[in-house]
Amino acid sequence: RTTAERDAADLVARRDRTYAEVQEHYYEAPPRIERGWREHLVGTDGRVYLDMVNNVTPLGHGHPGLAAAVAQQLRTLNTNSRFNYGAVVEFAERLAGVAPDPLDTVFLVNSGSEATDLAIRVALAATGRRDVVSVLEAYHGWTYASDAVSTSTADNPNALASRPDWVHPVDAPNPFRGRHRGADAARYAPEAAERIRELAASGRPPAAFIAETFYGNAGGIPLPDDYLAEVYAAVREAGGLAIADEVQAGYGRLGNWFWGFEQQGVVPDVIAVAKAAGNGYPLGAVITTREIAARFRTQGYFFSSTGGSPASSVAGLTVLDAFRDEGLQRNAAETGAHLKGRLEALAERHPLIGAVHGLGLYLGVEFVRDRATLEPATEETAAICDRLLELGVIMQPTGDHQNVLKVKPPLVVARESADFFVAMLDRVLSEGW
Ligand code: PMP
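Residues numbered from 1 in each chain as written. Predicted model: local features only at pLDDT ≥ 70, side-chain atom pairs only at ≥ 80, totals over all residues.

Peer 1: How would you explain the site of the ligand if you had to name every residue and give the values?
Peer 2: Close to the ligand lie 15 residues, the nearest being Ser111, Gly112, Ser113, Gly141 and Val247. Per element, the largest residue contribution to the shell around the ligand is 3 residues, and it comes from helix α4 (residues 112-127). Here the shell around the ligand is composed, by residue class, of 3 nonpolar, 9 polar and 3 charged. (Near = placed C-beta within 6 Å. Helix = DSSP H or I, 4+ residues; strand = E, 2+ residues; numbered from the N terminus. Nonpolar A, V, L, I, M, F, W, Y, C, P; charged D, E, K, R; others polar.)

Peer 1: Account for the nonpolar core, with residues named and values stated.
Peer 2: Taken as a class, soluble globular proteins show a tendency for nonpolar side chains to be buried jointly. Ranked by internal contacts, the top residues of the largest apolar core, which has 128 residues, are Ala123, Val235, Ile243, Ala285 and Val286. If one sorts the elements of this core by residue count, α4 sits on top with 9 residues. For this core, the domains that each give at least three residues are domain 1 (3-59 + 327-431) and domain 2 (64-325). Discounting residues that sit within four places of it in the chain, Val286 has contacts with Phe107, Ala115, Leu118, Ala119, Val122, Val270, Ile271 and Ala272. (Core = buried A, V, L, I, M, F, W, Y, C linked by C-beta atoms within 7 Å. Buried ≥ 20, exposed ≤ 12 C-beta atoms within 10 Å, placed from the backbone. Domains from an automatic or database assignment. Contact = placed C-beta atoms within 7 Å.)

Peer 1: If you had to explain the sheet that holds strand β12 (residues 362-367) to someone new, which residues and values would you point to?
Peer 2: Pairing within the open sheet is antiparallel, and its 4 strands lie in the order β11-β12-β15-β14. Two strands close off the open sheet at either side, each with one partner strand: β11 (353-359) and β14 (397-398). In the sheet, β11 pairs with β12 via 6 bridges, with the strands oriented antiparallel. Across the sheet, the residue bridging to Ile353 is Phe367, located in β12. In the packing of helix α11 (residues 328-349) onto the sheet, the strands contacted are β11 and β12, and the crossing angle to β11 comes to about 170 degrees. (Pairing = 2+ DSSP bridges. Axes fitted to C-alpha atoms, helices over the stretch in contact; angles between N-to-C directions.)

Spelled out as structure tokens, the structure:
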């Protein structure tokens, strides 16, 4: 082993001694990464890796404008949001400005888990109810309420057996390998609507329906057409709210749409955002109507020490400036379409690729052992990711079967980088794995 490899392994061993081991890290033997630039990560081994998984940094790694703005704010003032300063007001206004009417009121927190948790609490407070409908194979966070509605067995093998009784999961509307496939996928929405009506009839009408607006964690799969329109209508009919988890799908990643729900032609009652909103700086938000936000008063006041702090507000503002000025969403549409086309061409030559899912720069390459039975190629997917790392590409599996490559690079990714990823994937699939 090289000195750099020994150093990287020593660091993992040290990490496991003090940092609770249950906290995941990528790869058995990860390189030590201490630097990044745009869609590239630089190892202490001197190698440059193409980062095809980092949806936390849509602007790319090491963004100079963001670094300068946050550093300047940290030198000037950083305190809790109970003080009266400009950045939090400007950021709240700008964030409300990118949300559709009538969503004009913002809560600021520090992460996606906090955002979905608060979205649920807002819905409970606004309706005075306690039940929530969520979707199978979903991940919404680690806090009590966000974890409760998370059903993905990839993240928690025991998830289905351990949901609290106020959580009512409906089928994952997966048109590729779910219960209803292809054109039959139109049946998921009426079934979810029926479940909501049953709950209402049984005296437990839901406070909310929560779902990602694009099937992110399950493999980058768009929801069936009109799915959200039908399910949102049903939950509103029952007096509940529609919560859109935009932590992954929002902020331009789908290319032609800034929000995932736009692609479905709906407007939710509550939006949860994080990840992209701070480009890796801890920042999450809930966006809703004034009326719904006001009902939170029944729970007391809301306060988060660092949510909406001067530094995180400046981070949020600078990210929105970059979205306005740096062509990120356009690149998601253009480079995303190019990449999807090239991956589909690869599928014609490699039978292991069962499908190429996705929109914009949120794609899923699903590996199957047999295109008829769709037997998931789980071990192969892990081996392919390990081999891609050797070839300089960071890529990770997703989905309950861990058989889908989760393709979600920084939105600055260059077409040449996308082509490099395709070339390396082609090489791995041609070698065997
Ligand atoms: N919602 C979704 C859809 C997510 O993918 C995640 C994180 N993977 C979260 C919520 C939780 O976000 P965080 O890790 O920032 O708490």
